[in-house]
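Structural characterization, general
Chain residues, written in single-letter form:
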Amino acid sequence: MTTALVILVGALLAGFVSGLAGFGTALVSLGLWLHVIDPFLAAPLAIACSVIGHMLSLPSVRFSFRWQRLWPFLAGGLLGVPLGVVSLNYVEPDSFRLALGLFLTLYSAAMLLARDIPVFDRGGGPANGAVGLAGGVLGGAAELSGALPMIWCSLKGWDKAEQRAIYQPFNFTVLAWALVMQAQQGFITAEVGKLVLICLPATMIGVWLGLRTYGRVDNRQFRQIILWLLLASGIVLTARSFL
């Protein structure tokens, strides 16, 4: 009963954060699930719940989709994922996570303390593709595909719907591909499927509550939420590297 309760609470909270911010499923859920289930089950479960959360919340920003702006991110991300996986053969994973964690921590802390938020309106499709490529590499190497696209979108000065209309489809595409690759490698077992079914109702409720909250925050508040979540991601990555 305790294990089932922790799994359900993790799915509910992760769904809420995903519905509110458009990312953060693994960040929230794994912090709870790793205490009660094996990492080899928790990791694909987090990816599956993240994909489900995106499927439920993507329609909320459908009117802000701009394919001409989005496709370079997607193309770069799909190319970057296998590069990130291969890079783990040459780069020590803990050192990689530590560097990324320190970067996210310092960046988000600086942006939270800054009075005037910089706006960078230069760079078109090639720059977006490069950010997508880097995000794909990070997704393949450290399961953090959305960090750089989110930072890039916030620097563009786009409103909250425009930002989510970029990094959420990007995350969905990268994570869906990662899920397919894990299934091909045999990581999606019957036990993982059972856990997904257990988490499904809680995930759906959490996403619905998160979307309701998302509709009530303005652009400034949304930016603060994103920065705090990025800060939490950086701290978690840094702590994992030391532990």
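Residues numbered from 1 in each chain as written. Predicted model: local features only at pLDDT ≥ 70, side-chain atom pairs only at ≥ 80, totals over all residues. Heavy atoms only, no water.

The next subject is the packing of aromatic side chains. This structure, assessed with the given rule, holds three aromatic pairs. Judged by centre distance (6.2 Å) and plane angle (25°), the ring pair of phenylalanine 103 and tyrosine 107 falls under stacked. Taken together, the residues span about one helical turn, with phenylalanine 103 and tyrosine 107 both in helix 5 (residues 93–113) at a distance of four residues. Ring centres 5.8 Å apart and planes at 75° place the aromatic pair tyrosine 214 and phenylalanine 222 in the edge-to-face group. Classification of tyrosine 214 as buried rests on a relative accessible area of 7%. Of the residues examined, phenylalanine 222 reaches a relative accessible area of 0% and is grouped as buried. Across the ring face of tyrosine 214, the terminal group of lysine 160 is positioned such that the distance to the ring centre comes to 4.3 Å. Residue placement shows arginine 164 over the ring face of tyrosine 214; its charged tip is 4.5 Å from the ring centre. (Phe/Tyr/Trp six-rings, centres within 6.5 Å; stacked < 30°, edge-to-face > 60°. Helix = DSSP H or I, 4+ residues; strand = E, 2+ residues; numbered from the N terminus. Buried < 20%, exposed > 50% of the residue type's maximum accessible area, 1.4 Å probe, protein only. Lys NZ or Arg CZ within 6 Å of the ring centre and 35° of its normal.)

A contiguous nonpolar surface patch, about 370 Å² in accessible area, is contributed by Leu12, Ile205, Trp208 and Leu209. Counting residues per element, the nonpolar patch draws most heavily on helix 9 (residues 190–214), at three residues. Positionally, leucine 12 belongs in helix 1 (residues 2–21). Among the residues examined, leucine 12 registers a relative accessible area of 33% and is labelled partly exposed. (Patch = residues over 30% accessible without salt bridge, like charges linked within 9 Å, V, L, I, M, F, W, Y side chains within 5 Å. Areas by Shrake-Rupley, 256 points an atom, 1.4 Å probe, with all protein chains shown as cover. Salt bridge = Lys/Arg side-chain N within 4 Å of Asp/Glu carboxyl O.)

Don't take any of this as a statement about function, it's just geometry.
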